[in-house]
Amino acid sequence: MTAGLAAAVVAAGPPPVPVLAPPWAIRPLAAGGADAELVSRWMGEPHVEAFWRAAWPAPRWAEELAGQLAGEHSRPYLVSFEGDPLSYVEIYRTPRDVVGRQYDADPYDLGVHLAIGDPRRTGQGLGRAMVRAIAEGLAVADPRCRRVFADPDERHVVARRMFARAGFQSIGIHDLGHKRAELLFTVVN
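Residues numbered from 1 in each chain as written. Predicted model: local features only at pLDDT ≥ 70, side-chain atom pairs only at ≥ 80, totals over all residues. Heavy atoms only, no water.

A short note on the environment of His 156
The residue His 156 is located in the loop between strand 5 (147-150) and helix 6 (157-165) in this model. A sequence separation of 24 residues divides His 156 from Arg 132, and the C-alpha atoms of the two residues are 19 Å apart. A distance of 3.2 Å separates the side chain of His 156 from the backbone nitrogen of Ala 159, its partner in a polar contact. (Helix = DSSP H or I, 4+ residues; strand = E, 2+ residues; numbered from the N terminus. Polar contact = N/O pair within 3.5 Å; in protein donor to acceptor, adjacent residues only side chain to side chain.)

A look at the sheet that holds strand 5
In a beta sheet, neighbouring strands pair by backbone hydrogen bonds and run either parallel or antiparallel. Spatially, 7 strands are ordered 1-2-3-4-5-7-6 in an open sheet, and the strand pairing comes out mixed. The outermost strands of the open sheet, each flanked by one partner alone, are strand 1 (24-28) and strand 6 (169-175). Strand-to-strand, the axes of this sheet are offset by a mean angle of 30°, without reference to chain direction. Sheet topology places strand 3 (residues 84-93) next to strand 4 (residues 110-116); 7 bridges connect them, and they run antiparallel. (Pairing = 2+ DSSP bridges. Axes fitted to C-alpha atoms, helices over the stretch in contact; angles between N-to-C directions.)

What to know about the pairing of strand 5
Of the two faces of strand 5, the one holding Arg 147 and Phe 149 and the one holding Val 148 and Ala 150 are both buried throughout. With 3 bridges joining them, strand 4 and strand 5 adopt parallel strand pairing. Bridge assignment links Val 112 to a residue of strand 5, and that residue is Ala 150. For the segment spanning strand 4, helix 5 (residues 126-141) and strand 5, crossover handedness is right-handed. With 4 bridges connecting them, strand 5 and strand 7 (residues 180-187) associate as antiparallel partners. (Buried < 20%, exposed > 50% of the residue type's maximum accessible area, 1.4 Å probe, protein only. Right-handed = clockwise from strand over helix to strand, strands pointing away.)

Describing the packing of aromatic side chains
If you walk through the whole model with that rule in mind, you get 7 aromatic pairs. Between Trp 61 and Tyr 88 the ring centres are 5.5 Å apart and the planes differ by 75°, which places this aromatic pair in the edge-to-face class. One end of the pair, Trp 61, is in helix 4 (residues 58-70); the other, Tyr 88, is in strand 3, with 27 residues separating them in the sequence. Tyr 88 matches Trp 61 in its accessibility class, with the two residues each being buried. These aromatic residues form a ring-pair network of at least three members: Trp 52, Trp 56, Trp 61 and Tyr 88. Residue placement shows Arg 60 over the ring face of Trp 56; its charged tip is 3.8 Å from the ring centre. (Phe/Tyr/Trp six-rings, centres within 6.5 Å; stacked < 30°, edge-to-face > 60°. Lys NZ or Arg CZ within 6 Å of the ring centre and 35° of its normal.)

What follows is the structure, given as structure tokens:
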């Protein structure tokens with residue numbers, strides 16, 4: 001939906017696919033099948049469900065993914081590390097999101113939501129390296145993008161620390177309506 005958005009925000013278009021180099025790989029998720037099953041399984045993991053609150057069955061995830069793929073606000077991806085699936089990632093244009101109402105948003109600013117599904121893959125520094133690679137890859141994909149934002153739940157100390165260690169700077173805790181989140185950003189261009 002573009003009603004009420006500034007012309008510059010509409011002109012920015014949907015978020016781009018980050019350009020990632022090995023050992024990273026990224027691909028758009030399909031709306032159903034194995035992708036919806038994988039995301040459903042990951043979202044049901046206790047360390048993810050506590051903050052995403054999206055432990056939905058695969059058919060509901062298929063609908064969610066289809067909705068994202070049909071719009072221009074957000075895009076769902078699977079990020080792999082050394083050929084193994086690692087994370088569910090959403091890339092979005094912050095001016096089209098509640099996040100963009102919390103700061104002076106540029107039409108080309110981008111945001112990232114992520115969930116590392118397998119608990120055995122957490123705590124190894126992979127998240128920090130992945131968000132840095134995604135931020136840099138977004139700058140390559142859209143040179144007009146100046147900043148990449150993240151909005152982890154204020155209770156999610158691990159995610160907040162991960163973004164900070166990846167070079168993201170805090171602009172404080174904000175009430176987004178559906179959660180209280182720390183808004184963090186990194187300058188990419």
